[in-house]
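Structure at a glance
The chain contents come next:
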Amino acid sequence: MTLEQIARRAFEVAFCVTILMDGAAHYLGSYVALVLFSIVLGLSAFVDVHRPALRRLKWGALGLAVFLVGLALWQVRWLPDTASAHPVWQNLAEQFGKSGGTLSVNRMGPVWEIPGLVLPFVAAAAAVPLYRTEVAARNLWTLLAIFGTSFAVYGFLQYFLFPNWHFLAERNDYLDSLSGFYVYRNAAASFLFMTALATTSALDRSLERIDMMAMWRHLRDRRPVGDEERRARLLAILLVVQVAAVLMTKSRAGFAILVVAFLPFLYLRLRRHLRAAAFPNLARLEKLGLGLAVAFVLFMGAQIIFRLEILGAEDAGRFCTYAQSLLLIRDNLAWGVGFGGFGEAFPPYRRAECDIFGVWDKAHDTYIQGFATMGWWFLPALVLPLALVLPPLLRARHLHGAAGTAALAALVALGAGAVHSLIDFPLEIPGNAILLGLLVVPAIAAASDPRRSKRHAALRRRRHSDAPPSGAAEAPARTGDAAR
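A brief report on the enclosed structure follows. (Residues numbered from 1 in each chain as written. Predicted model: local features only at pLDDT ≥ 70, side-chain atom pairs only at ≥ 80, totals over all residues. Heavy atoms only, no water.)

Within the chain, the secondary structure is distributed over 19 helices and two strands. Burial analysis of the chain (484 residues in total) assigns 50% to the buried set. Put simply, of all contacts in the chain between residues at least 6 apart along the chain, 75% involve residues at least 24 apart. When the accessible surface of the chain is totalled, it reaches about 22,500 Å², and 68% of it is carbon and sulfur. (Helix = DSSP H or I, 4+ residues; strand = E, 2+ residues; numbered from the N terminus. Buried < 20%, exposed > 50% of the residue type's maximum accessible area, 1.4 Å probe, protein only. Contact = heavy atoms within 4.5 Å. Areas by Shrake-Rupley, 256 points an atom, 1.4 Å probe, with all protein chains shown as cover.)

Time to look at the nonpolar core. The biggest cluster of nonpolar side chains holds 104 residues, and the ones touching the most others in it are F11, F15, F37, F193, L197, F262 and L393. Per-element tally for this core: the top contributor is helix α7 (residues 185–208), with twelve residues. With residues near it in sequence (within four places) discarded, L393 still touches A407, A410, L411, L414, V440, A443 and I444. Counting 13 residues, the second-largest nonpolar core is a separate cluster that includes V105, I329, A345 and I368. (Core = buried A, V, L, I, M, F, W, Y, C linked by side-chain atoms within 4.5 Å.)

Inspection of the entire model under this criterion finds 24 aromatic pairs. With a centroid separation of 5.9 Å and an interplanar angle of 80 degrees, the aromatic rings of Y184 and F425 are classed as edge-to-face. With Y184 in the loop between β2 (169–170) and α7 and F425 in the loop between α16 (402–420) and α17 (430–448), this residue pair connects regions lying 241 residues apart in the sequence. An aromatic cluster is defined as three or more aromatic residues linked by ring pairs; in this entry it consists of F15, F147, F151, Y154, F162, W165, F181, Y182 and F191. In this structure, R77 packs its charged tip against the face of W74, placed 3.6 Å from the ring centre. (Phe/Tyr/Trp six-rings, centres within 6.5 Å; stacked < 30°, edge-to-face > 60°. Lys NZ or Arg CZ within 6 Å of the ring centre and 35° of its normal.)

With that settled, the discussion passes to empty space enclosed by the protein. In this approach the atoms are scanned with a rolling probe the size of a water molecule, which exposes any empty space left behind. Per the stated rule, a full pass over the model turns up two cavities of 30 Å³ or more. Around the largest cavity, the lining residues are S190, F193, M194, I257, A413, A416, G417, H420, P426 and L427. Every element with two or more residues in the lining of the largest cavity is listed here: α7 and α16. A per-element tally of the lining of the largest cavity places α16 first, with four residues. (1 Å grid on protein atoms, 1.4 Å probe; cavity = no way out; pocket = protein on both sides within 12 Å on 5 of 7 lines; lining within 4 Å. Points joined across faces, edges and corners; volume = space filled by probe spheres on them.)

Before going further, it helps to spend a moment on a nonpolar patch on the surface. On the surface, M1, L3, I6 and F46 cluster together into a nonpolar patch covering about 460 Å² of accessible area. Note that M1 resides in the segment before α1 (3–20). Taking relative accessible area as the criterion, M1 reaches 68% and is therefore assigned exposed. (Patch = residues over 30% accessible without salt bridge, like charges linked within 9 Å, V, L, I, M, F, W, Y side chains within 5 Å. Salt bridge = Lys/Arg side-chain N within 4 Å of Asp/Glu carboxyl O.)

In this fold, E12 is placed in helix α1. Among the polar contacts listed, one links the side chain of E12 to the side chain of R9, at a separation of 3.0 Å. If we skip the residues at most four places from it in the chain, E12 touches Y131 and L143. (Polar contact = N/O pair within 3.5 Å; in protein donor to acceptor, adjacent residues only side chain to side chain.)

Moving on: the packing of α1 against helix α2 (residues 27–44). Close contact between α1 and α2 brings their axes to 9 Å; oriented N to C, the two are set at 165 degrees. Our classification of the angle between α1 and α2 gives roughly antiparallel. For α1 against α2, the interelement crossing comes out left-handed. Facing L3, A7, A10, F11, A14, F15, V17 and T18 of α1, the residues of α2 in contact are A33, L36, F37, V40 and L43. (Axes fitted to C-alpha atoms, helices over the stretch in contact; angles between N-to-C directions. Parallel < 35°, antiparallel > 145°, perpendicular 65-115°, else oblique. Left-handed = near helix turned anticlockwise from the far one by under 90°.)

Pasting the structure below:
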């Protein structure tokens, strides 16, 4: 194995370990994951990256990690002048007669948050050299498809056989929902949604390489099919399992992004292949699919409405809390209350009429959480990554083949994550943020791969040639891919 292959295997192991540790949502998991990905980053430093788009992506991710570390250290620096520190330190000075303080509510809280903050950016920087080709991206999508299905299958087994057990610990929350390797059902739904997007990208790549009409005839006549056809069939099964698992999470946001974002995306990609293959009775098939989709939405929508009625009071308390969180932001706009300090800074702003039960240690809104803990510095931390990834993805979404599908999948994931973050914190789970990076990085890499256009042209010529698409005719193409 080459050093690059070793680094790629190490990256995949680090990702799996991160997800198994509840997505590194807690301190210990984030520390372990950061060590693992730092080792992978060191290994990937020996792999050259020549394309400007990828170099910008790698150094931009590392620059954002340095920025967050610097801001955290600035928030915890000791200020001898109490008036310059957070107002909570002035109250302590009046009671105990000691001056001085920090910009952060918690003396060293931001330091403990550093691993979880920088982990997604370190992982993204490590992924850039390792998944810089379309072939490597395809292998990554397949891995994510398998891992997402493993996540779903474990969730099914847990749900039906051992709902109270979770990795040698007792499970007390969300016993009526599938959460897989995670604890929170919304985070699990977001994870499965993104692995389903990766699976669709891998499926699209397989459908490019086969004749769908020939595969349909082989399946209908029960004749053997080629390796690529079997791969496409397997990926379709994995996709169905992941979509079913999203529904089993019983997450309202998960159901919404599935209906509004994923199903239209899947329909457009499959329709492209069916039209290219001149599939018979395509219009009738589309009407049948639309009818099934409407029935599905109506049935599941009834379940969601029932949950809304049951949890209406909880949501009312959440929205009431949002308004009070804005007051916290207004009073701490300069530097925020410090990373991880929301739970300590929010109680004075909390109103009894919102909800007197539970502890609000998070804002349940990533934007409010960001502005509350970072002040106005959250704005560049939000805008700069988007400015880095959106232009190449928007340019690549019109490309033919799997590169365009991957770019569109990354844009769908970014859009769904941005909307979901208005009412929850799916991307504050480091494991989910890393997974989002694993959709974005290979999409940009595949789109900028100079061999992509030649490979796609060769595939188009082979699909429209008179040679049979399956069996022995597929073997040279797969051998060539492996050699590349």
